[in-house]
Amino acid sequence: MILAAGLGTRLKPWTDHHPKALAVVNGKPLLQRNIEYLQRFGISEVIVNVHHFAEQIRDAIEINNSWGSVITLSDETDTVLETGGGLHKAAWYFDKGDFVLMNSDVLTDMDLRKMIDSHLEHEALATLAVSNRNTSRYFLFDEDNSLCGWKNVLSGQEKRTRTVAKDHQMAFSGIHVINPAIFPLVTMQGKFSMVDLYLALSKTHNITGFDFGDATFIDVGKPESLVKAEQLFK
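In this report, the structure presented in the accompanying data block is examined.

Basis of the calculations
- Each chain has its residues counted from 1, following the order in which its sequence is written.
- Since the coordinates come from a predicted model, pLDDT governs what is reported: local features require at least 70, and pairs of side-chain atoms require 80 or more to be given and counted, while whole-chain, interface and lining totals use all residues.
- Each side-chain value is derived from all of the structure's non-hydrogen atoms; neither hydrogens nor water enter the calculation.
- Under the scheme used here, helices are H or I runs from DSSP no shorter than 4 residues and strands are E runs no shorter than 2 residues, and both carry numbers assigned from the N terminus.
- Put simply, the radius of gyration uses C-alpha atoms, and a globule should come to 2.2 Å times the residue count raised to 0.38.
- Classification of residues uses two cut-offs on accessible area relative to the type maximum, computed with a 1.4 Å probe and protein chains only: under 20% is buried, over 50% is exposed, and between them is partly exposed.
- Here, residues are in contact when the closest pair of their heavy atoms is within 4.5 Å.
- Residue burial considers only the protein chains on display, and all accessible areas are found by Shrake-Rupley using a 1.4 Å probe.
- Counting rule for charge: Lys and Arg are taken as positive, Asp and Glu as negative, and neither His nor the chain ends is counted.
- Where a charge sits is defined by one atom per residue type, namely NZ (Lys), CZ (Arg), CG (Asp) or CD (Glu).
- Classification of ring pairs uses Phe, Tyr and Trp, with its six-membered ring standing for Trp, and accepts pairs whose centres are within 6.5 Å; under 30 degrees between planes counts as stacked, over 60 as edge-to-face, and the remaining range as tilted.
- By the criterion adopted, a ring carries a charge over it if an Arg CZ or a Lys NZ lies within 6 Å of its centre and within 35 degrees of its normal.
- When a carboxyl oxygen of Asp or Glu lies within 4 Å of a side-chain nitrogen of Lys or Arg, that pair is called a salt bridge.
- What qualifies as a polar contact is a pair of N or O atoms within 3.5 Å, subject to a donor-acceptor requirement within protein and to the restriction that residues adjacent in sequence count only when both atoms come from side chains.
- For this analysis, a nonpolar core means a set of buried residues of the types Ala, Val, Leu, Ile, Met, Phe, Trp, Tyr and Cys, connected via side-chain atoms within 4.5 Å.
- Pairing between strands requires that DSSP locate at least two bridges from one strand to the other.

What to know about the overall build of the protein chain
Tallying secondary structure elements over the protein chain gives 6 helices and 14 strands in all. Relative to a compact globule of 234 residues, whose C-alpha radius of gyration would be 17 Å, the protein chain shows 17 Å and is just as compact. When its C-alpha atoms are laid out on the principal axes, the protein chain stretches across 55 × 35 × 30 Å. Every one of the 234 residues in the protein chain was classed for burial, and the buried ones make up 49%. Looking at the protein chain alone, contacts between residues at least 24 apart form 72% of all its contacts between residues at least 6 apart. For the protein chain, the exposed area adds up to about 11,200 Å²; of that, 48% sits on carbon and sulfur atoms. Computed over 23 positive and 29 negative side-chain charges, the inter-centroid distance for the protein chain is 5 Å.

Okay, structure coming up:
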C-alpha cells in the first residue's frame, strides 16, 4: 500500500494545486517512482489511498495504465484518516499474507527483499525501515531490535512501552512490512497514526527495526528536498 492521501503542507506551493504524490522528480512523479520501486521486488498489486486532489491521482493512474501494475484506490475524499486509519480502512484488501506499506513521499534504493526476509525470519508483527540519521523524532529499540518506545529530542517528550536494560534510537523512514494479523489487534477507530498503533502493540508484540544502513533515502517533503532528490534519483 502506498499512502498518498496527505495534504502535503510542507510541500507548498505545489500542494496548493496538486497532491504531493504527483510531485515530479526528473520527469517522473513520486507515485510512479514508488510503483516502479515495488515492481523491482516483484510487487505489482498496490492499493493507494487518496484524499487531497484525489481526482488528479486517479487520472494519472488511468492515463498511464497504472505504470504496468494493478492499482486499487482507497477513497478517503470525505475524511483523511492519517496513516493508521488509512491502512485500517483498506484492511479488506490484504488477504494474501504479509505486505509492504510505504509513504508516497519517500524515495530509496534500499534492498526491500532483504527487509522482507528479515521480517519473515524474525516472525515480526511489523518491521520498520530505520537508519542512524539525524531527525527530531526517533523510535527506541531494545538490544534485540524490538520496539520499546519513542522520543522527540526537541521537545523532550518520551513514550516508553516496556522497561528494558538498554535501548538505542533509530530514525524511521516510512516503509513497513506488516503481517495481516495486525488487523484484529487494532482497537483505534477513525483517524489515527501508525506510530501510536505500533507503540500500543509493542507492549505485547514484536515490532522490529530493519537498519538499511547506507542505502540512499530521502523524504521528499519540502521544496528543497525535491532539488536534492533530482540529484540522487535520475
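Back to the text.
Some words on the packing of aromatic side chains
According to the stated counting rule, one finds 9 aromatic pairs in the structure shown. Centre to centre, the rings of F139 and F141 are 6.4 Å apart; their planes meet at 70°, and the pair counts as edge-to-face. There is no split in this pair, since F139 and F141 are both buried. Its guanidinium or amino end placed over the ring of W150, K159 lies 5.3 Å from that ring's centre, counting from NZ or CZ.

Focus on the pattern of salt bridges
Summed over the entire model, instances satisfying the criterion amount to 12 salt bridges. In this structure, E36 engages K28 in a salt bridge whose closest nitrogen and oxygen atoms are separated by 2.9 Å. A residue is classified by how much of its surface remains accessible, and K28, at 29% relative accessible area, is partly exposed. Where D142 meets R162, a salt bridge forms, and the shortest distance between an N and an O atom there is 3.2 Å. In this pair, D142 sits in the loop between β9 (137-141) and β10 (147-152) while R162 sits in the loop between β11 (158-160) and β12 (168-178), placing the two residues 20 residues apart along the sequence. The class for D142 is buried, based on a relative accessible area of 9%. Given a relative accessible area of 24%, R162 falls into the partly exposed group. Put simply, R10, K20, D105 and D219 are held in one network by salt bridges that share partners.

Section: helix α5 (residues 194-201)
Of all the residues in α5, the buried ones are M194, L197, Y198, L199 and L201. The distance from a side-chain oxygen at the start of α5 to the backbone nitrogen of V195 is 3.0 Å, and the residue carrying that oxygen is S193.

Digging into the nonpolar core
Residues L31, M110, L112 and I175 are the most contacted members of the largest nonpolar core, which totals 30 residues. Put simply, the parts of the chain that give this core at least two residues each are α1 (30-39), β4 (45-50), α2 (54-63), β6 (99-103), α4 (112-121) and β12. With near-sequence residues (within four places) excluded, I175 lies in contact with V100, L101, M102, V106, T108, M110, L112, M115, T127, L128 and A129. In this structure, I178, F183, V186 and L201 belong to the second largest nonpolar core, which totals 29 residues.

A short note on the environment of I71
Structurally, I71 is set in strand β5 (residues 70-75). For the pair I71 and I61, spaced 10 residues apart in the sequence, the C-alpha separation amounts to 7.8 Å. Look past the residues within four positions of I71 in its chain and what remains in contact with it is I35, V46, V48, I61 and S66.

Some thoughts on the pairing of β12
Counting buried positions over the 11 residues of β12 gives 8, a clear majority of the element. Bridge analysis of β6 against β12 gives 4 bridges, and the strand direction is antiparallel. Looking across to β12, one finds that F99 is bridged to I178. The sheet contact formed by β9 and β12 spans 3 bridges and is antiparallel. Residue pairing in the sheet places F141 in a bridge with H168 of β12.

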